[in-house]
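Breakdown of the fold
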Amino acid sequence: VGASVRLRADGASWRRGAGGPMSVIDLTDDAAAAEEEVDAPPPLHEPPAVAASGGGKGCGGVTGGEEAEGAEQPKKRPRVNALALLMGAARARPLVGWEVAEERISEALEAHLATWVLRERFFADESKKVRNFGLAWRQGGGHDLAAPFRPIPSELKGLWAAILPTLPSTIASMGEPNQVALKRYHLDGACHYAPHRSGDVLGYHCDCQFNDVRYVVGVSLLSDSSLVFRNNQKQVHKRIILQRATYSMVGEALTDWTHALFDIRHPGRLSVTYRLVCS
């Protein structure tokens, strides 16, 4: 504790006692004696030496900033930026398969659809959140491909024909949808704003949970909103859906991500969602 030792290349060592001058110890003749001398405690009347800290010059008991003659310097290990490695591993995956059409539907077509929903009294029943056409929704989850086919109204067929030219070519090549959902968000039976209807909004879900859904195409009516995507690594993408905008999901956007709707504004929202369900 009270002595500092640094080996020299010639087999000797520099030794300094606690607070004493530097001296040379010959370790070649009698190593045991030298080791005994080095390990000997300092005299009781001398205070113990305080070991120098740090890994540069002056450590090991050498004062004045000079290293022992002939001593080799240890090689420095290359630094590893752990934070950069961690951030690289957690880099967010791109949201592949999601698109928003540049062209939105006209205000006249939006008004025509809203009037049609009121006239048909689709949501006169307060318990109804969604009206399905085409394939029926099976009890317990999923679309029932064996159920009698519900006719898709001509108004919704006309809307599909209007947005088809704006959709990705991959969707157009798959064929027409066989399921259409008309859903309300924060709207009462008369399509008036009803913010108390919080149950209209679904949590995070996947359209492919029960069926093989090849594509999802949606049209957002009456107001803007946000769609948030999340994968099993808790990575998140947020996309703004403008009023009268058409959006589509295929591939990874459907299979690798769940999504939920947020930021529903006044005067509420109607959505028309087209799906191609294969099994």
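Above: the structure in question.
Nothing here was measured: the structure is a model prediction, and the numbers come from that model.

1. Remarks on the side chain of aspartate 200
Examined against the element boundaries, aspartate 200 turns out to sit in the loop between strand 8 (179–185) and strand 9 (213–221). Classification of aspartate 200 as buried rests on a relative accessible area of 2%. Within the local environment of aspartate 200, its side chain forms a polar contact with the backbone nitrogen of histidine 186, the two atoms lying 3.0 Å apart. In this structure, aspartate 200 is in contact with Lys129, Lys183, Arg184, Tyr185, His186 and Leu187, ignoring residues within four places of it in sequence.

2. Looking at the sheet that holds strand 13 (residues 258–262)
In space, the 3 strands of this open sheet follow the order 11-10-13, with antiparallel pairing throughout. Unpaired on one side and paired on the other, strand 11 (236–241) and strand 13 mark the two borders of the sheet. Within the sheet, the average angular offset between the axes of one strand and its neighbour, ignoring direction, is 20°. As judged from the 5 bridges shared by strand 10 (residues 225–230) and strand 13, these two strands associate in the antiparallel manner. Note on strand 13: the bridge partner recorded for phenylalanine 229 is histidine 259.

3. Structural notes on the sheet that holds strand 5 (residues 130–134)
Within a beta sheet, neighbouring strands are joined by backbone hydrogen bonds and run either parallel or antiparallel to one another. The sheet built from 6 strands is open, its strands ordered 4-12-9-14-8-5 with antiparallel pairing. Where the open sheet ends on each side, the last strands, each with one partner, are strand 4 (98–100) and strand 5. Neighbour to neighbour, the strand axes of the sheet diverge by 15° on average, direction disregarded. As defined by bridge partners, strand 8 adjoins strand 14 (residues 269–277) across 7 bridges and the pair is classed as antiparallel. Across the sheet, valine 180 pairs through a bridge with tyrosine 274, a residue of strand 14.

4. So, the state of the cysteines
Scanning all chains against the criterion turns up 0 disulfides. Cysteine 208 forms no disulfide, and the closest cysteine sulfur to it belongs to cysteine 206, at a distance of 4.8 Å.

5. What to know about the pattern of salt bridges
Evaluation of the coordinates by the stated rule reveals 7 salt bridges. Beyond isolated ion pairs, a larger network of salt bridges with shared partners links Arg93, Glu252 and Asp256.

Quick notes on the rules
- The residue count restarts for each chain, going from 1 along the sequence in the order it is written.
- Where local features are concerned, this predicted model is filtered to residues with pLDDT of at least 70; where side-chain atom pairs are given and counted, the filter is 80 or more; whole-chain, interface and lining totals use all residues.
- Working from all heavy atoms in the structure, the side-chain values ignore hydrogens and water.
- Working definition: helices are DSSP H or I runs of at least four residues, strands are E runs of at least two. Numbering for both runs from the N terminus.
- We call a residue buried when its accessible area falls under 20% of the maximum for its residue type, exposed when it is over 50%, and partly exposed in between, using a 1.4 Å probe and counting protein chains only.
- The definition of a polar contact used here is a pair of N or O atoms within 3.5 Å, where within protein one atom must be able to donate a hydrogen and the other to accept one, and adjacent residues in sequence count solely through side-chain atom pairs.
- Contacts between residues were defined by any pair of non-hydrogen atoms, one from each residue, lying within 4.5 Å.
- For two strands to be treated as a pair, DSSP must find no fewer than two bridges joining them.
- Simply put, an axis is a line fit to the C-alpha atoms, just over the touching stretch for a helix, and the angle between two N-to-C directions goes from 0 to 180 degrees.
- Cysteine sulfur pairs qualify as disulfides if the two atoms are within 2.5 Å.
- Criterion for a salt bridge: a side-chain nitrogen of Lys or Arg within 4 Å of a carboxyl oxygen of Asp or Glu.

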